[in-house]
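# A structural walkthrough
Residue strings, one per chain:
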Amino acid sequence: MNKLETKIDEILDALHIFADSVDDRFNKVDQRFNGVDQRFMSIEQRFNKIDERFEQVDKRFNRIEALMVTKDYLDDKLADFRAEWIPIIKKVDTKDSALVVNLADKDVISRDEEKEILDMSAFPRLN
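Residues numbered from 1 in each chain as written. Predicted model: local features only at pLDDT ≥ 70, side-chain atom pairs only at ≥ 80, totals over all residues. Heavy atoms only, no water.

## A look at the side chain of Asp93
Considering the arrangement of structural elements, one finds Asp93 in helix α2 (residues 71-105). Taking the relative accessible area as the measure of exposure, Asp93 reaches 15% and is therefore buried. Once residues lying within four places of it in the same chain are set aside, the contact partners of Asp93 are Ser121, Ala122 and Phe123. (Helix = DSSP H or I, 4+ residues; strand = E, 2+ residues; numbered from the N terminus. Buried < 20%, exposed > 50% of the residue type's maximum accessible area, 1.4 Å probe, protein only. Contact = heavy atoms within 4.5 Å.)

In structure tokens form, the structure reads like this:
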């Protein structure tokens, strides 16, 4: 073998060593990417679970919102209730006042007691 062939063989050996080194590095990079891919898949699964939880919470909020009494609704219902009960209370108050006046007229109670009882009326009286 001559010098040129020896040099070529040395160069080829060096290239093979370099190629093996590059292959090893690429394999290590591939392994790192595989690890990153696995971590990414794990993170993606966690996000999917979080999405599912938010969907459940969203369904619960929608249900609560559908069943919830709003302030406007409650105000309307209370106004209706008040409108229904005021005439009834006035009628009872009128009957109570008439009874107190009759009792005072028959001297069952004094005029001071009559005034005191009539002052407790639910609705103001005009004298």
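## Examining the packing of aromatic side chains
Taken as a whole and judged by the stated rule, the model has one aromatic pair. Pairing Phe81 with Trp85 gives two aromatic rings, centres 5.9 Å apart and planes at 50°, and the pair type is tilted. Taken together, the residues span about one helical turn, with Phe81 and Trp85 both in helix α2 at a distance of four residues. Given the relative accessible area of 40%, Trp85 is considered partly exposed. (Phe/Tyr/Trp six-rings, centres within 6.5 Å; stacked < 30°, edge-to-face > 60°.)

## Concerning the packing of α2 against helix α3 (residues 111-119)
At their nearest, the axes of α2 and α3 sit 9 Å apart, and the two run at 175° to each other. As far as their axial angle goes, α3 and α2 are roughly antiparallel. Contacts from Ser97, Val100, Val101, Ala104 and Asp105 in α2 reach Arg111, Glu114, Ile117 and Leu118 in α3. Its residues placed into classes, the contact of α2 with α3 shows five nonpolar, one polar and three charged. (Axes fitted to C-alpha atoms, helices over the stretch in contact; angles between N-to-C directions. Parallel < 35°, antiparallel > 145°, perpendicular 65-115°, else oblique. Nonpolar A, V, L, I, M, F, W, Y, C, P; charged D, E, K, R; others polar.)

## A closer look at α2
Given 3.6 residues per helical turn, the α-helix brings residues three or four places apart onto the same face. The end-to-end C-alpha distance of α2, which contains 35 residues, comes to 49 Å, matching closely the 51 Å that a straight helix rising 1.5 Å per residue would cover. Along its length, α2 shows its largest kink, about 25°, at Trp85, and proline Pro87 lies within four residues downstream of that point. Buried within α2 are the following residues: Asp93, Ser97, Val100 and Ala104. Against α3 lie the buried residues of α2. Positive backbone phi, at 60°, marks Asp107, one or two positions downstream of α2. (Expected span 1.5 Å × (residues − 1). Bend = angle between axes of the 7 residues up to and from the residue.)

## What about a negative patch on the surface?
Where like charges cluster on the molecular surface, the negative patch consists of Glu5, Asp9, Glu10 and Asp13. Inspection of the secondary structure puts Asp9 in helix α1 (residues 3-67). A relative accessible area of 33% places Asp9 in the partly exposed class. (Patch = residues over 30% accessible without salt bridge, like charges linked within 9 Å, V, L, I, M, F, W, Y side chains within 5 Å. Areas by Shrake-Rupley, 256 points an atom, 1.4 Å probe, with all protein chains shown as cover. Salt bridge = Lys/Arg side-chain N within 4 Å of Asp/Glu carboxyl O. Lys, Arg positive; Asp, Glu negative; His and termini not counted. Charge placed at Lys NZ, Arg CZ, Asp CG, Glu CD.)

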